[in-house]
Amino acid sequence: MIKGLINQCIGSARCQAAKRGLCLSRRFALPRPPSPHATITDLARHCGLSVASVSNALAGTGRIGEETRQRVLEAADRLGYSASPAARALRTRRSWSIGLIIPDIANPMFGEIARGASDMLEDAGYHLLVLSHDARPDRQASQIRNLLRQRVDGVILQPFSSRDDAVPQLTEAGMPIVLLARRHLEQPSDHVTIDLCTPLLEGLTHLAALGHRRIAITLMGGRPSTSADARFETYCRFMRDRFGEVDEALIVRLERTELESGRMATPALLAAQPSAVIASNDLLALGIREGLRDAGLLVPRDLSLLALDDTFLSALPGIDLTSPTLPKREIGMAAARLILERIAEPDRPFETVTLPARLVVRHSTAARPALR
């Protein structure tokens, strides 16, 4: 019965269509695919120019007048023309992509750095590939191999250590490279860092003014790191000049600087009997705070806590970490500028960009308990 009704409806539709001069197939017809996007040949024909002239106008190269270039760009917008990335790569012998390898994608600081780099690279026609080596040299090596296979045009890297093989490997492959934070001890390269010493000195001076003498610090351990070395030297110089000695028990070296590492480092820190702790970054500081809470201690009532990092977590109510303000987005922008300049001028002198940082005092530091 239902089948009969359907056939009756189809027959009626055919009759109506026949009256309007149409023909309905007995089979259901697939919808036609949308019209393809305009090609560069279509654009050239529309503008009355050669394909080569249109290509030069779009790329901003060749002897093309500004009026002609604007006419081509406006026509491209009207026709919906978009250059094929594959064709562009073949024509320019570039992939128009840059790799960014960071230590920990869960750390919000690196998200801000990536955003700064991405904004500048996109303006130059590049896209950014972000990877995280998670403090694992084998993972970093694998990621670098993949980026080389993808023929990226450059790599921005915060290396696992200041001596690992990744940097010379990239240089030998002719890959433009910019290092973040730590330099390589043997391979010169472009480098972006922050002023590591000033905020640490400001933090030490702030804690000393609050009456703290036993100030513990966590530093990167297990691998060479120029940034950790700079902090170590600054810390030792201050403690020696201010208090006349450096107690090695107050220096705790960690292979990883994540939340759980901070929690696990708390017993070692407490064994040194500090009244204040300086953590390498915010996540580590939060882990230490959790470890102190597990031990029945509160920040800053029982122990002051300062972090040498700057994420949005620092200023959140209930956290209020005393920490430096770091120019995170500017770090990414500086790295992007250096990689673009290295691509354009492979033989230019290497450049190091050092960005300033300043300490922001919040509510995680207070006077030493005995002085209250």
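The structure reproduced in this document is the subject of the present report. Along each chain, numbering runs from 1 in the same order as the chain's sequence is written. Only residues with pLDDT of at least 70 are given local features in this predicted model, and only at 80 or more are side-chain atom pairs given and counted; all residues enter the totals for whole chains, interfaces and linings. Note: side-chain values were computed over all heavy atoms of the structure, leaving out hydrogens and water.

We now examine the sheet that holds strand β7 (residues 251–254). Strands are treated as partners if at least two bridges between them are detected by DSSP. Each helix corresponds to a stretch of at least 4 residues labelled H or I by DSSP, and each strand to a stretch of at least 2 residues labelled E; elements are numbered beginning at the N terminus. Sheet architecture is open: four strands sit in the order β7-β6-β8-β9, paired in parallel fashion. On the outer flanks of this sheet lie β7 and β9 (304–307), each paired with one strand and no other. Mean inter-strand twist for the sheet, computed between neighbouring axes without regard to direction, equals 20°. Judged from the three bridges that link them, strand β6 (residues 215–220) and strand β8 (residues 276–279) form a sheet pairing that is parallel. Paired with A216 across the strands is V277, a residue of β8. Residue contacts are counted whenever heavy atoms from the two residues lie within 4.5 Å of one another. Angular values range over 0 to 180 degrees, each being the angle between N-to-C directions of two axes fitted as lines to C-alpha atoms, with helices fitted over their stretch in contact. The strands that helix α10 (residues 226–243) touches are β6 and β7; relative to β6, the one it contacts most, it runs at about 160°.

Closest axis-to-axis distance for the helix α6 (residues 108–123)/helix α13 (residues 328–344) pair is 7 Å, and the angle between their directions is 40°. With respect to each other, α6 and α13 are oriented oblique. Relative to α13, the crossing made by α6 is right-handed. Along the contact surface, α6 presents M109, E112, I113, R115, G116, A117, D119, M120 and L121, while α13 presents K328, R329, I331, G332, M333, A336, R337, I339 and L340. Angle categories: roughly parallel below 35 degrees, roughly antiparallel above 145, roughly perpendicular from 65 to 115, and oblique for all the rest. Crossing handedness: left-handed means the near helix sits turned counterclockwise from the far one by under a right angle, and right-handed means the same turn made clockwise.

Right, let's talk about the pattern of salt bridges for a bit. Whenever Lys or Arg places a side-chain nitrogen within 4 Å of a carboxyl oxygen from Asp or Glu, that contact is recorded as a salt bridge. Counting across every chain of the model gives 18 salt bridges. A salt bridge links D247 to R214, with the nearest nitrogen and oxygen atoms 2.8 Å apart. Placement of the pair is D247 in the loop between α10 and β7 and R214 in the loop between α9 (197–209) and β6, with a sequence separation of 33 residues. A salt bridge links R263 to E260; its shortest N-O distance comes to 2.4 Å. Of this pair, R263 and E260 both sit in helix α11 (residues 259–271), separated by three residues, roughly a single helical turn. For every residue, the accessible area obtained with a 1.4 Å probe (protein chains only) is divided by the maximum for its type, and the residue is called buried under 20%, exposed over 50%, and partly exposed between those limits. What makes R263 partly exposed here is its relative accessible area of 27%.

Next up on the list: the nonpolar core. Judged by nonpolar contacts, the single largest core of 40 residues is most densely connected at L204, I217, Y235, V277, I278, I288 and L305. Going through the elements one at a time, α9, β6, α10, β7, α11, β8, α12 (282–294) and β9 are the ones with two or more residues in this core. Per-element tally for this core: the top contributor is α12, with six residues. Aside from chain neighbours lying at most four places away, what touches L204 is I215, T234, Y235, F238 and I278. Here the nonpolar core consists of buried residues drawn from Ala, Val, Leu, Ile, Met, Phe, Trp, Tyr and Cys, with membership extended through side-chain atoms lying within 4.5 Å. Core analysis: the next-biggest nonpolar cluster, separate from the first, contains 31 residues, F110, V192, I331 and L355 among them.

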